[in-house]
Amino acid sequence: MSLLITGGTGYIGSHTVVELQALTDEQDIVIVDNLSNSSTKVLDRLIQITGKKVTFVKADICDYEAMNAIFEQHKIDAVIHFAGYKAVGESSEKPLSYYYNNVSGTVMLLKVMAEHKVKKLVFSSSATVYGDNESPLNESMATSATNPYGQTKLMIEHILFDLAKSDSNWSIACLRYFNPIGAHSSGLIGENPNGVPNNLLPYVSQVAVGRLAQLQVFGDDYDTADGTGVRDYIHVVDLAKGHVKALQNLGKISGCKAINLGTGNGTSVLEIVNTFKEISGQNIPYKIVPRRAGDLATVFADASLAYELLNWQATRDLHTMIADTWRWQSQNPQGF
Ligand code: NAD
Ligand code: WQD
């Protein structure tokens, strides 16, 4: 039996592969990735961490022939689908590229899965689908999106719900991630954005390591304790373990189920900066600038459904998240 991981050389995918490899020797792991936002160096690092090999196929999920060949050559049992573009700002500049890659790519993957009667799927969704609902965010709230990236996640969720309704053999977990940060405790794999980071943690860690001069804090006039934005940061290893639990519990899920993966706690931008400074011992210069368009004051999860359905909850605290981020960044100042 094999498990197909799309986008498996990326940030969250690679950490999930480590957790899956720790589980069993009986299941082969096949990664498909077009390397548009990752490197084959990840594969060597995975072997260093786990001592096990994975099968890697360099291919695009939009390529029907290539995807079909993978299902012909391997007895795929289930799929975890990470592959996609994820930069919110870029999605407004290149909407067609986002709709094609994320939505058409997923439709292509689902078509090939259906043809090969593989109907177990774990999908990377995002808390972005909650739009401007008030936190804590729970899975029964109405969904909406404010940018093309968010629209792609929402469209894919709708497609998955419709698909599961049309055929009761599908079991699908739509995991809505909050803000993944941190890295594997070995410091061998971690987040490695191309160009200037859009997200807070890679930005702060590149300032700490001296690659960037100064952080811009987007607004200190929000209705939060210190005026800066509050988010639900979750350790990427906890997130990875959530995928393992989702996969193990797919049998209990009939149809398609949306499930939050968050901690249920909020942390402000300045708390992140101060904790990072303390742990790294580095100075982190910052400047308060106006709010970033589209940002909300406070976003955090109601994480109770994941506990009820999957017996999963995040266990790593902010200190661990930041210590692991710093270990990865200081050991790999230029990334992979
Ligand atoms: P990432 O960019 O590190 O990983 C995505 C991987 O998919 C990359 O290795 C990339 O090369 C690959 N890929 C992209 N398009 C592809 C295609 N057409 N065919 C084959 N491979 C392709 O991103 P990540 O942070 O690991 O995110 C993984 C998933 O989780 C994404 O779907 C993302 O939208 C979702 N997500 C991420 C976050 C976050 O903050 N990191 C939050 C919520 C949801
Ligand atoms: C966090 C906080 C910023 C950068 C995004 C996507 C979301 C999901 C996760 C994929 C906010 C502040 C940030 C900086 C700052 N991705 N900030 N200076 O916006 O919560 O979520 O990533 O699905 O869809 O929207 O994460 O890390 O960008 O921001 O002050 O240079 O840090 O204003 O309060 P966000 P983020």
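Conventions and cut-offs
- Residues numbered from 1 in each chain as written.
- Chains lettered and ligands numbered in written order.
- Predicted model: local features only at pLDDT ≥ 70, side-chain atom pairs only at ≥ 80, totals over all residues.
- Heavy atoms only, no water.
- Near = heavy atom within 4 Å.
- Polar contact = N/O pair within 3.5 Å; in protein donor to acceptor, adjacent residues only side chain to side chain.
- Areas by Shrake-Rupley, 256 points an atom, 1.4 Å probe, with all protein chains shown as cover.
- Helix = DSSP H or I, 4+ residues; strand = E, 2+ residues; numbered from the N terminus.
- Nonpolar A, V, L, I, M, F, W, Y, C, P; charged D, E, K, R; others polar.

1. Regarding the site of ligand 2
Thinking step 1. Residues in contact with ligand 2 amount to 18 residues; listed here are only the nearest, Ser126, Tyr149, Gln216, Arg231 and Asp295.
Thinking step 2. Arg231 places a polar side-chain atom, nitrogen or oxygen, 2.6 Å from an oxygen atom of ligand 2.
Thinking step 3. Protein chains shield 86% of the accessible area of ligand 2, which is 680 Å² for the free molecule.
Thinking step 4. Here the shell around ligand 2 gets four residues from one element, more than from any other, and that element is strand E8 (residues 215–218).
Thinking step 5. Its residues assigned to classes, the shell around ligand 2 comprises eight nonpolar, seven polar and three charged.

2. A few points about unusual backbone geometry
Thinking step 1. The amide bond that connects Ser135 to the next residue, Pro136, takes the cis arrangement and shows omega of 5°.
Thinking step 2. Considering the arrangement of structural elements, one finds Pro136 in the loop between strand E5 (120–126) and helix H6 (148–166).
Thinking step 3. The backbone phi angle of Leu35 is positive, close to 65°, even though this residue is not glycine.
Thinking step 4. By secondary structure assignment, the location of Leu35 is in the loop between strand E2 (28–33) and helix H2 (41–50).
Thinking step 5. Of note, Lys117 is a non-glycine position whose phi angle comes to about 55°, a positive value.
Thinking step 6. By the secondary structure assignment, Lys117 is in the loop between helix H5 (95–115) and E5.

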